[in-house]
Amino acid sequence: MNKIELVKGGFEKPRCVQACPLKIDVPRYLRAIRKGDLDGAASVVREKTPFVSVLGYVCRRYCETKCRRAEVDEAVAINALERFVADNEQHLAGSVQPNVPKATGKRVAIIGSGPAGLTAGYYLARLYHHNVTVFEADAKPGGMMRGGIPEYRLPRRVLDNEIGFIEKSGVQIRTSTPIQDLDSLFKEGFDAVLLAVGTWRSVTLGIEGERLQDVVDGMSFLRSLNYGGRLSVGNRIIIIGGGNVAVDAARSAKRLGAAEVTIVYRRSNEEMPARRDEVDQALEEGIRILFLTTPTKILRDKAGSHVEFVRMKLAGVDEHGRRRPVPIPGSHMKLNCDMVIVAVGEEPDIPPSFGLTVNNNGLVRVDQETLSTGKPGVFAAGDCVTGPSSVAEAIASGKRAAISIHRYLTGDWKTRDEVAPHQQEIIAEMWKEDILDTPRQRMPLLQIAERVTSFSPVELGFTDDMARTEAARCLRCDERLTV
Ligand SMILES: Cc1cc2nc3c(=O)[nH]c(=O)nc-3n(C[C@H](O)[C@H](O)[C@H](O)COP(=O)(O)OP(=O)(O)OC[C@H]3O[C@@H](n4cnc5c(N)ncnc54)[C@H](O)[C@@H]3O)c2cc1C
Ligand code: SF4
């Protein structure tokens, strides 16, 4: 018996499904791909989320970190397969006419059009038939999916398509409408309010020179780029931070024409929180990373801007269990630059006029089960509750909020959260199919020279053959022999 035979099958709840914040039935959609039924595969994902394509492009791949195929060789490329399904089902998402909801007469105001707010709106309108208005401060909807994630990772036609689908489900989106006062929404006749405002304020370093002209925070930089088009960045850019915002800012600066882009991170390669494949792609694009280095001062004189740094070493662990960086005495150094981008974290910006309780990190306090705040009829979801997280987590949170709001409005406790019907399938026939003993398929990438001169998508997507081969690597952990 080979290793595949030893590991395959036998689990009621496969690990990939358990790890997914949305509990998407991964083995079922992989089987549909294998059969060539792409619309069926998309329906499996759509049972759990309106954002099939967005997740196909940018999901954090919780499922792959737990995939049992890694016990044989490498995890199944589940996310690349989701993207394959979404790309080939695009016409469907664009053309489907969702039901126009029968109104219950209840009105829900949602503040913020990121994944949490839009998902909650989708479920409240399409499944529970309430009248939903989403208020968005920015000129276009999407939250960080539009204002944060650069276009070379998430093409805007993909995002626009899925937001269009949500609007067709009966969700009204009012852009360029910042909300400062919750009570006025109730006075206008809304019966419940959901706060889904994300974490848009950048954390500062607290060092000298941070307010100088050539210093910008990571979120402002990405927002200006994503909403305003091309920016002028100069030649030498220093990015401070080691998370996804830092890497996205660095790769964007490179595409805007900067010759020397350096990321400076205070811990080592091992602790860098940014996604590994994105760090590798950044390195391929010529971005330099200085590990174990932290800034102490930013200066500007006639010769231009400079950043002073000190080298660090790791000693002991901090309160989060991460190795603690401590400065090495006498190890100061200086780098010249034209622009400094500070990307060391984000936090929410909840107006005091909302009258809500926030914790020490500025996050909205909620009942963990119902997501209700202390204020009657006001709920909160997404990053403004959890802190900076991910699209999938924000979708899951928005969905939970929708269920709670529906219960609050109607007293109906028998709520379900699946908008699409569960697809029936006969899996016994699949036992006849082999599980392929082939290595994980590699995502084809755009040539590096083209990558650094444009915002075209870097990951090109699987071909039909690659998708079917990869889907056939799944060990079908959900299949059990019944005697
Ligand atoms: C650069 C970057 C890259 C990322 N990359 C990934 C990735 O690859 N994969 C992944 O899974 N996650 C990624 N994330 C994280 C992910 O985008 C967020 O976790 C997610 O968008 C949070 O969703 P949300 O709905 O809670 O808030 P947001 O998406 O932040 O949306 C909140 C919305 O509320 C609006 N708003 C705020 N205040 C008001 C107000 N008073 N009135 C009206 N509107 C208001 C804001 O304008 C915004 O549109 C990334 C984040 C960033 C910044
Ligand atoms: S082998 Fe298939 S079913 Fe098992 S954890 Fe991986 S993707 Fe899920």
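Since the model is a prediction, treat every value here as computed from it, not as a measurement. (Residues numbered from 1 in each chain as written. Chains lettered and ligands numbered in written order. Predicted model: local features only at pLDDT ≥ 70, side-chain atom pairs only at ≥ 80, totals over all residues. Heavy atoms only, no water.)

A. Highlighting the pattern of salt bridges. By the definition in use, this model includes 31 salt bridges. Between Asp277 and Arg61 there is a salt bridge, with its nearest N and O atoms 3.4 Å apart. Separated by 216 residues along the polypeptide, Asp277 in helix α15 (residues 276-284) and Arg61 in the loop between α5 (52-58) and α6 (62-66) bring together distant segments of the chain. For Arg61, a relative accessible area of 18% puts it in the buried group. Arg473 is the partner of Glu470 in a salt bridge, and the nearest nitrogen-oxygen pair spans 2.7 Å. In this structure, Glu470 and Arg473 share a single accessibility class: buried. Residues joined in a network through salt bridges with shared partners are Arg61, Arg153, Asp248, Arg275, Asp277 and Glu278. (Salt bridge = Lys/Arg side-chain N within 4 Å of Asp/Glu carboxyl O. Helix = DSSP H or I, 4+ residues; strand = E, 2+ residues; numbered from the N terminus. Buried < 20%, exposed > 50% of the residue type's maximum accessible area, 1.4 Å probe, protein only.)

B. Broad picture of the site of ligand 2. Around ligand 2 lies a shell formed by Cys16, Pro27, Leu30, Cys67, Arg68, Ile78, Cys474, Leu475 and Cys477. Among the residues making up the shell around ligand 2, the classes are represented as eight nonpolar, no polar and one charged. (Near = heavy atom within 4 Å. Nonpolar A, V, L, I, M, F, W, Y, C, P; charged D, E, K, R; others polar.)

C. Representation of empty space enclosed by the protein in the model. Throughout the structure, instances matching the rule amount to five cavities of 30 Å³ or more. Its volume calculated, the largest cavity comes out at about 130 Å³. Along the walls of the largest cavity sit 13 residues, with Tyr57, Tyr152, Arg153, Gln281 and Glu459 positioned nearest its centre. Among the elements of the structure, α5 and α15 are those that each provide at least two residues to the lining of the largest cavity. With three residues, α15 is the largest single contributor of residues to the lining of the largest cavity. When the residues that make up the lining of the largest cavity are grouped by side-chain class, the tally is five nonpolar, one polar and seven charged. There are two domains that each give the lining of the largest cavity at least three residues, and those are domain 1 (3-96 + 426-471) and domain 3 (203-342). (1 Å grid on protein atoms, 1.4 Å probe; cavity = no way out; pocket = protein on both sides within 12 Å on 5 of 7 lines; lining within 4 Å. Points joined across faces, edges and corners; volume = space filled by probe spheres on them. Domains from an automatic or database assignment.)

D. The arrangement of the side chain of Ser397 in detail. Following the sequence through the fold, Ser397 ends up in helix α17 (residues 391-410). Each residue touching Ser397, except ones within four places of it in the same chain, is listed here: Leu371, Ala381 and Gly382. (Contact = heavy atoms within 4.5 Å.)

E. Structural context of the nonpolar core. Among the nonpolar cores identified, the biggest contains 95 residues, and Tyr29, Leu30, Ile33 and Leu195 are the most heavily contacted of them. With 10 residues, α17 is the single largest residue contributor to this core. Mapped onto the domain boundaries, this core takes at least three residues apiece from domain 1 (3-96 + 426-471) and domain 2 (107-200 + 348-410). Not counting residues within four places of it along the chain, the set of residues in contact with Ile33 comprises Leu38, Ala41, Leu81, Val85, Ala467, Arg468 and Ala471. (Core = buried A, V, L, I, M, F, W, Y, C linked by side-chain atoms within 4.5 Å.)

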